[in-house]
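Now for the letters of each chain:
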Amino acid sequence: MEKLHASFKDITKYLIELFYRTNKKYSCSSRKLGMLLSILAFSYAREGKKLFEEKIYIIHTNGTTIDSLTSFIDTHVYYILKDVDDKQPINYIPIYTYCYIPQKYKCCDYPSKEICLRIQEIFQKFGSYSMCDLITLTKIMEIDNLIENDTSINLEKISKLHLSDFEKANELVEYLFSKRGE
C-alpha cells in the first residue's frame, strides 16, 4: 500500500472542527471520532493507500477504535444532554465567523485539500449518526481474516475486498465499495 503519512492528530482535529462548526449540533465523542476516522482510513485503503500510521482496532461488537486517539481527545469532546443524531445527511457545513473551539482541539497544520474534502464528505455522510448507528455499520469486520492477531484491522485486506464479498450491503459497504471504484 502507498503510505501517505498524514498527521493523525491534524486529521482528528480537523474532524472535530467540523463538529464545532455545526454549533455542536451532533454528538462528538472519542468513540464516534474513532469510528469516523476508521471509515476515512477504510476509504483510502480501498484505493490502496494507507492514510496514517496508527493502527485501527476492533472492539468486540462495539465498532473500532484508534488507541492514540485517547492521548489527546477527551471521552466526550463536548457533551449533549439529549440525543440529536438523526442519521440525516449533513448537507451544509456552516462557516461561522466566530466558532469557539477549545485550544487543544484547534488544528494548526491542516491536512491537504484532498484529505480535507474526504473528511468533509465522510462527516456529511456519517457525522449525524449516533455511536450505536455507526457500530451497526461495522459488519465489514465480519469478513474472514480481516482482523490481525493483535485485534488490529488489516487495511491491505480491505483494499482487496469487493462488493460481492458481502452477503448484505449496508450504508458503509455501499459508500466504500460502490463509490470507490468497484
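This text follows the structure it describes.
Residues numbered from 1 in each chain as written. Predicted model: local features only at pLDDT ≥ 70, side-chain atom pairs only at ≥ 80, totals over all residues. Heavy atoms only, no water.

Enquirer: Looking at this structure, how should I read the nonpolar core?
Expert: It is characteristic of soluble globular proteins that their nonpolar side chains tend to be buried jointly. Ile11, Leu15, Phe19, Leu33, Phe42, Val77 and Phe126 are the most contacted members of the largest nonpolar core, which totals 59 residues. At the level of elements, helix H1 (8–21), helix H2 (30–45), strand S6 (76–78), helix H3 (113–126), helix H4 (131–136), helix H5 (155–159) and helix H6 (171–179) are the ones that each hand at least two residues to this core. A total of ten residues in this core trace back to one element, the largest contributor, which is H2. In this structure, phenylalanine 126 is in contact with Leu36, Ile39, Leu134, Leu137, Glu171, Leu172 and Tyr175, ignoring residues within four places of it in sequence. (Core = buried A, V, L, I, M, F, W, Y, C linked by side-chain atoms within 4.5 Å. Buried < 20%, exposed > 50% of the residue type's maximum accessible area, 1.4 Å probe, protein only. Helix = DSSP H or I, 4+ residues; strand = E, 2+ residues; numbered from the N terminus. Contact = heavy atoms within 4.5 Å.)

Enquirer: I keep staring at the side chain of serine 159 and nothing clicks. Help me out?
Expert: Position of serine 159 among the secondary structure elements: in helix H5. Taking relative accessible area as the criterion, serine 159 reaches 19% and is therefore assigned buried. A distance of 2.5 Å separates the side chain of serine 159 from the backbone oxygen of glutamate 156, its partner in a polar contact. Residues within four places of serine 159 in sequence aside, it is in contact with Met1, Ala45, Arg46 and Gly48. (Polar contact = N/O pair within 3.5 Å; in protein donor to acceptor, adjacent residues only side chain to side chain.)

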